[in-house]
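If you want the building blocks of each chain, they are given just below.
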Amino acid sequence: MAIPPGIELIFKDILPNAFKLPFITLLLLKLLQQSPFGVNLPTWAWVGALATVHPANWIVSTLYNMHRVKNEAAARGAMLVPRVKGGSFELIGKIRNGYMAEGFFEWSRQYGQTYIFPIFGVDRIMTMEPEHIKAILATQFDDFHKGEMDKDQFNSLLGSGVFNSDGEMWKFHRNMTRPFFSKVRISDYDLFERHAEETLSVLADRLAQGYPVDFQDAVARFTLDSATQFLFGKAVDSTSAGLPYPPSSSSSYPSSFLTSSLSSETYLTHPSTKFVTAFAQGQEAITLRGVRGKYWRLFEFWKDEAAGYRKDVEEFVNPILDEAIKSLMRKEEGDMNSGSVSVKEVGEEETFLEHLVKATKEKKVVMDELLNILLAARDTTASLLTFSVYVLTQRPDILARLKSEISEKVGFARRPTYEDTREMKYLRAFLNETLRLYPSVPVDGRSPKHATTLPNKNGKPWYVPAETRCVYSVFLMHRREDLWGPDALEFDPDRFLDERLHKYLTPNPFIFLPFNAGPRICLGQQFAYNEASYFLIKLLQKFDNFSHALDVQPSQPPPEWKPEPGTTKGRDKITLFSHLTMSVKDGLWIRMKSLHETLKDGQK
């Protein structure tokens, strides 16, 4: 039986630290009493010494650490990073509440683009400077790692997979994954065709009933089916669960209550729905741990919440994994006399799962990597597609230009090819602009292995003490007017096509990092571009007149949020939500018309 997280923390950390100093103090007082000097202090002095030992130690250690850090920074010719003022709970409230990254944005206006925000005695550095992110991810890559705190917080959901490992384990997972993102594999659009058609069919059926649709849920199922087809060689067919009905379904809609209830029950009990829900809740749990720091166990005192969600996720993946192991064993038995295949070789028809199982029969290692890659393959592209369509509900001018390019390059009768999407410059610019303003991973971070510095274009470098987590926000960096120009907050794909590209991005490529950078750059970025491009083309070949169904959208920004300089707060009609990846809170509910309906209405 596993020890509850809170109990583990109390006995391994809190109690030893709580009693160590008083015990040493008591021992010293006893020795002083029994010494030749025979010092016999009154009871109140003993009680006072024991009661004040922790506050005194905190004051002394704080002053000592401040002095030490100051001296270390001076020795390196570096400056200290400014500190945000405020208590831990106040800072947590600022981070968790309001618009996406609003607290970080407000602090940047007060303290600059780089500052320390301390929570429960643990310092974290936040930066939105491209030269810092470049150093962390690329030029000083060897100085930084995920760190023990990340591993501790993420382990019960993601294990030791590629996103939660360092050193040799990370290299093992990275090298295992790389061959499966070759140009030949990621440009095979047959992979997307079936799942795109199934998703579009489900959307069309629900729209034909007179209901708006949760587009976010639909594309999350499309990307899950595509990802499992790509990785396992067999899709989990999550689209067969159908779609959720709007939360405000009533008699005003044409379908009967009975039909709605039955379909909703099928949707809610479908294995893929349970998997998706558990995986999302698990991500939310470990994201909260990142805010709470090393004392996260106190907030999950009796139960490791992420471990519970991991168990639900494994129930879904285990049958697939077991079948792959059995299949490989049967194959190995059949090929016993034909020689062995090197683990490093990747067969043309071999799946990622088969390749993993050939490398190791250790089920947990395989499961860890599968969940890490599934997270990347499903959630990030689903996020990109969701926000792309949200923009189309707001910008009919952009929709018209995309349709014009599709008409010119592909037409509306045939499926797109890899060569088609390569030629569609405006579509790629549109996806890039979506990733700029709505990056799939808005906040990330690394920890230094040892004390180091980060560059400072305005003077001395910034000093970074060892194991001080460095958090960076591409969400905020992508919106900086000093980096992107005075129209940085405007959604304009042409910035990736006209003179602004050469003025801002070309000389400073690290201002745009939707897929990270350096040795840990996302291997699946081209896969994501191809998948998103293919689905959007298919979508726009079939549908038109996109609109946001505000009448059923559950979460909407508060009316008191007004547009402000430097931020898009008050502009969006959706509520941004983030755990590890960014999404629309409670789904993106939209209406759209099939092209047949549009033509029927006499529209061009």
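The protein chain has the name Cytochrome P450 monooxygenase pc-3 in an unreviewed UniProt entry, where Dendrothele bispora is given as its organism.

> Where do I start with the pattern of salt bridges in this structure?
Note that side chains of opposite charge can pair when their charged atoms are close. Summed over all chains, the structure comprises 44 salt bridges. Measuring nitrogen to oxygen at the nearest pair gives 3.6 Å for the salt bridge that ties Glu-148 to Lys-151. Remark: Lys-151 and Glu-148 occur in helix α6 (residues 147-158); sequence separation between them is three residues, near one turn of the helix. Accessibility expressed as a relative area gives 54% for Glu-148, which makes it exposed.

> Help me out: how do you make sense of the sheet that holds strand β4 (residues 213-214) in this one?
Strands pair in a sheet through their backbones, by hydrogen bonds, and they do so in one of two ways: parallel or antiparallel. With antiparallel pairing, the three strands of this open sheet are ordered in space as β4-β12-β9. Looking at which strands have only one partner, the edges of the open sheet turn out to be β4 and β9 (543-548).

> Just to check I follow, could you spell out a nonpolar patch on the surface for this structure?
On the surface, Phe-23, Ile-24, Leu-27, Leu-28 and Leu-31 cluster together to form a nonpolar patch covering roughly 510 Å² of accessible area. Within the fold, Ile-24 resides in helix α1 (residues 5-33). Residue classification places Ile-24 among the partly exposed residues on the basis of a relative accessible area of 40%.

> Where do I start with the packing of aromatic side chains in this structure?
Each aromatic ring pair is summarised here by two numbers: the centre-to-centre distance and the angle between the ring planes. Taken as a whole and judged by the stated rule, the model has 29 aromatic pairs. Relative to Phe-527, the ring of Phe-192 has its centre 5.5 Å away and its plane inclined at 65 degrees; by these criteria the two rings are edge-to-face. Of the two residues, Phe-192 sits in helix α9 (residues 190-208) while Phe-527 sits in helix α22 (residues 525-542), which places them 335 residues apart along the sequence. You'll find Phe-192 and Phe-527 in the same group, each marked buried. Summarising the aromatic geometry, the rings of Tyr-390 and Tyr-438 are spaced 6.3 Å apart at their centres and angled 90 degrees between planes, so their arrangement reads as edge-to-face. Residue Tyr-390 is found in helix α15 (residues 363-394), and its partner Tyr-438 is found in the loop between α18 (425-437) and β5 (443-448); the two are separated by 48 residues along the sequence. Looking at Tyr-390, the relative accessible area reads 3%, which means it is buried.

> Help me understand the side chain of Thr-177, please; the structure alone is not making it clear to me.
Looking at where Thr-177 falls in the secondary structure, it is placed in helix α7 (residues 167-177). Separated by 2.8 Å, the side chain of Thr-177 and the backbone oxygen of His-173 make a polar contact. Apart from the residues within four sequence positions on either side, Thr-177 is in contact with Phe-352, Glu-369, Ile-373 and Leu-523.

> Even after reading the chapter, I still don't get the side chain of Arg-206, so can you show me in this structure?
Structurally, Arg-206 is set in helix α9. Look at Arg-206: it is buried, it has no salt bridge, and the nearest opposite charge is Asp-217 at 8.3 Å. With near-sequence residues (within four places) excluded, Arg-206 lies in contact with Tyr-211, Pro-212, Val-213, Leu-243, Pro-244 and Tyr-245.

> Whenever I open this one, the nonpolar core confuses me. Can you help?
Across soluble globular proteins, nonpolar side chains have a tendency to be buried as a group. Grouped together as the largest cluster of nonpolar side chains are 148 residues, with contacts concentrated most on Phe-117 and Leu-539. For this core, the element with the most residues is α15, which contributes 16 residues. The residues contacting Leu-539, other than those within four sequence positions of it, are Leu-200, Phe-215, Val-389, Phe-546 and Met-592. In this structure, Ala-73, Ala-78, Ala-451 and Tyr-463 belong to the second largest nonpolar core, which totals five residues.

Conventions used here
- Residues numbered from 1 in each chain as written.
- Predicted model: local features only at pLDDT ≥ 70, side-chain atom pairs only at ≥ 80, totals over all residues.
- Heavy atoms only, no water.
- Salt bridge = Lys/Arg side-chain N within 4 Å of Asp/Glu carboxyl O.
- Helix = DSSP H or I, 4+ residues; strand = E, 2+ residues; numbered from the N terminus.
- Buried < 20%, exposed > 50% of the residue type's maximum accessible area, 1.4 Å probe, protein only.
- Pairing = 2+ DSSP bridges.
- Patch = residues over 30% accessible without salt bridge, like charges linked within 9 Å, V, L, I, M, F, W, Y side chains within 5 Å.
- Areas by Shrake-Rupley, 256 points an atom, 1.4 Å probe, with all protein chains shown as cover.
- Phe/Tyr/Trp six-rings, centres within 6.5 Å; stacked < 30°, edge-to-face > 60°.
- Polar contact = N/O pair within 3.5 Å; in protein donor to acceptor, adjacent residues only side chain to side chain.
- Contact = heavy atoms within 4.5 Å.
- Lys, Arg positive; Asp, Glu negative; His and termini not counted.
- Core = buried A, V, L, I, M, F, W, Y, C linked by side-chain atoms within 4.5 Å.

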